[in-house]
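What follows is each chain in one-letter form.
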Amino acid sequence: MTRNPEPLKRLRLFGTAAALFLSLILNGPAQTNHTRANKAPVVVTNTASISLPIRSVPTQANQAQSDLPPVVAVKAASTNAATKNNGAKSDLWLGLFGVILGACLAYGADWLKEYRKKHNEQHTGILRSQLALIGHLNTLNNIKTDYLDPVRHLPHREDKLIRYTMVDSSWRVPYDSIAFLLTTKNPTLVLEVHSAEQTYISAMHGLEARNQAYDQMHANSRLGSLNPNTGDCVMQANPRHVLLVKQTTDALYITVDIAMGRLTEEIKALSNAGRLLYPKRSFPLRLFCPKRGFLEIDGEMQ
């Protein structure tokens, strides 16, 4: 995931503005204050030394200022100029503080937005991976329950199994969405999830191979006898084809059992990793069985 360069650009822009304000504080106010300090005594002194005919509308301020000696007037003007300069400096410092505060707030808002977006993407990636594995597990659970388990412990079970098809789950684990787990405390989790998904693919290939062996045996066999009441029949087939059906049937049982165990482990591992990273968010641990509804991963009723 690429980093958004906008926060850094804004930070540089506000930093440049802060530098300009600081330069203005260091250079501009000093010259302005000096000019005001030089001009203030002249203005006040001239005002104090010139007597104008404004006796008709006297005020207390003018009367008090006119009564002051020239030296006292100069000192008072210098004090007023220093007060104005301090006020100008305070305004500049407040402006600089506002610029820096605005820059920090803007950068913090952008960082928080990116932080939340990153966590939402990671949480969604874990959920999508769990959904894909649960879909795989649900498919194999249907094969195991409806096709393999009824004749699992019977002798010559390969002869009692008919041709069975199951549509492959179209979901696959989005590895680009869970690649961030490689940087966590359990970096091998992504590889384990990939291995578990490969066992599911192997189980589906095993079912396809068993169906192909079954079709090949029936295409090259002859019907010897048939009991119409029970459906039992005697077939004459090539022993190699019969052996191939037996081997593919046994391999199907093994691959389905292994794949279901691996998928169960990795669904739990993804849930534990997600809850460790995001304790306040939910991660499902259920699969759906058409005959029994929602089940827990260990097969118990929800």
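1. Details of the overall build of the protein
So, step 1. Within the protein, the regular secondary structure consists of six helices and four strands.
So, step 2. For the protein, the α and β elements follow one another from N to C terminus as α-α-α-α-α-β-β-α-β-β.
So, step 3. For the protein, buried positions account for 30% of its 302 residues.

2. Regarding unusual backbone geometry
So, step 1. One non-glycine residue, His156, lies in the positive phi region at around 55°.
So, step 2. Overall, the relative accessible area of 54% leaves His156 in the exposed class.

3. A look at the pairing of strand β1 (residues 222-226)
The side chains of a regular strand alternate between both faces of the sheet.
So, step 1. β1 sits mainly on the outside: zero of its five residues count as buried.
So, step 2. With four bridges joining them, β1 and strand β2 (residues 233-236) adopt antiparallel strand pairing. Across the sheet, the residue bridging to Leu226 is Cys233, located in β2.
So, step 3. The turn joining β1 and β2, which pair antiparallel and follow one another in sequence, is formed by six residues; a positive phi near 85° is taken by Gly231.

4. Looking at the layout of surface pockets
So, step 1. Size it by volume and the second largest pocket reaches roughly 340 Å³.
So, step 2. For the second largest pocket, the lining is made up of 16 residues, of which Asp159, Met217, His218, Cys233 and Met235 are closest to its centre.
So, step 3. Mapped by element, the contributors of at least two residues to the lining of the second largest pocket are α4 (157-160), α5 (189-219) and β2.
So, step 4. Ranked by the residues each element gives to the lining of the second largest pocket, the list is headed by α5, at four residues.
So, step 5. Tallied by class, the residues present in the lining of the second largest pocket amount to nine nonpolar, two polar and five charged.

5. Here we look at the packing of aromatic side chains
So, step 1. Inspection of the entire model under this criterion finds one aromatic pair.
So, step 2. For Arg157, the ring lying beneath its charged end belongs to Tyr253, and the centroid distance is 3.9 Å.

6. As for the pattern of salt bridges
So, step 1. Counted by the stated rule, this structure contains seven salt bridges.
So, step 2. It is possible to trace a salt-bridge network through shared partners that takes in Lys144, Asp149, Arg152 and Asp257.

7. Re helix α6 (residues 239-277)
So, step 1. Here α6 contains 39 residues, and its C-alpha end-to-end distance of 57 Å stays within 8% of the 57 Å for a straight helix at 1.5 Å per residue.
So, step 2. By the N-cap criterion, in which a side-chain oxygen at the helix start approaches the backbone nitrogen of a residue two or three places on, α6 is capped by Asn238, the distance to Arg240 being 3.1 Å.

8. Comments concerning the nonpolar core
So, step 1. Membership of the largest hydrophobic core comes to 35 residues, with the highest contact counts inside it found for Leu140, Ile143, Tyr147 and Leu148.
So, step 2. Of all the elements in the fold, those that place two or more residues in this core are α3 (70-148), α5 and α6.

9. A short note on the confidence of the model for the protein
So, step 1. Confidence in the prediction of the protein, expressed as mean pLDDT, is 74, and 64% of residues score 70 or more.
So, step 2. When pLDDT is averaged over each helix and strand of the protein, the minimum, 50, is found for helix α2 (residues 60-67) and the maximum, 94, for α5.
So, step 3. A low-confidence stretch, residues 29-57 (pLDDT under 50), is modelled with 17 contacts involving residues beyond four sequence positions or located in other chains.
So, step 4. Low confidence marks residues 297-302, where pLDDT is under 50. Its contacts with residues over four positions away, or in another chain, come to 16 contacts.

10. Side note on the environment of Thr165
So, step 1. Tracing the backbone shows Thr165 in the loop between α4 and α5.
So, step 2. The exposed category is assigned to Thr165, whose relative accessible area is 57%.

The rules behind each value
- Residues numbered from 1 in each chain as written.
- Predicted model: local features only at pLDDT ≥ 70, side-chain atom pairs only at ≥ 80, totals over all residues.
- Heavy atoms only, no water.
- Helix = DSSP H or I, 4+ residues; strand = E, 2+ residues; numbered from the N terminus.
- Buried < 20%, exposed > 50% of the residue type's maximum accessible area, 1.4 Å probe, protein only.
- Pairing = 2+ DSSP bridges.
- 1 Å grid on protein atoms, 1.4 Å probe; cavity = no way out; pocket = protein on both sides within 12 Å on 5 of 7 lines; lining within 4 Å.
- Points joined across faces, edges and corners; volume = space filled by probe spheres on them.
- Nonpolar A, V, L, I, M, F, W, Y, C, P; charged D, E, K, R; others polar.
- Phe/Tyr/Trp six-rings, centres within 6.5 Å; stacked < 30°, edge-to-face > 60°.
- Lys NZ or Arg CZ within 6 Å of the ring centre and 35° of its normal.
- Salt bridge = Lys/Arg side-chain N within 4 Å of Asp/Glu carboxyl O.
- Expected span 1.5 Å × (residues − 1).
- Polar contact = N/O pair within 3.5 Å; in protein donor to acceptor, adjacent residues only side chain to side chain.
- Core = buried A, V, L, I, M, F, W, Y, C linked by side-chain atoms within 4.5 Å.
- pLDDT = per-residue confidence, 0-100.
- Contact = heavy atoms within 4.5 Å.

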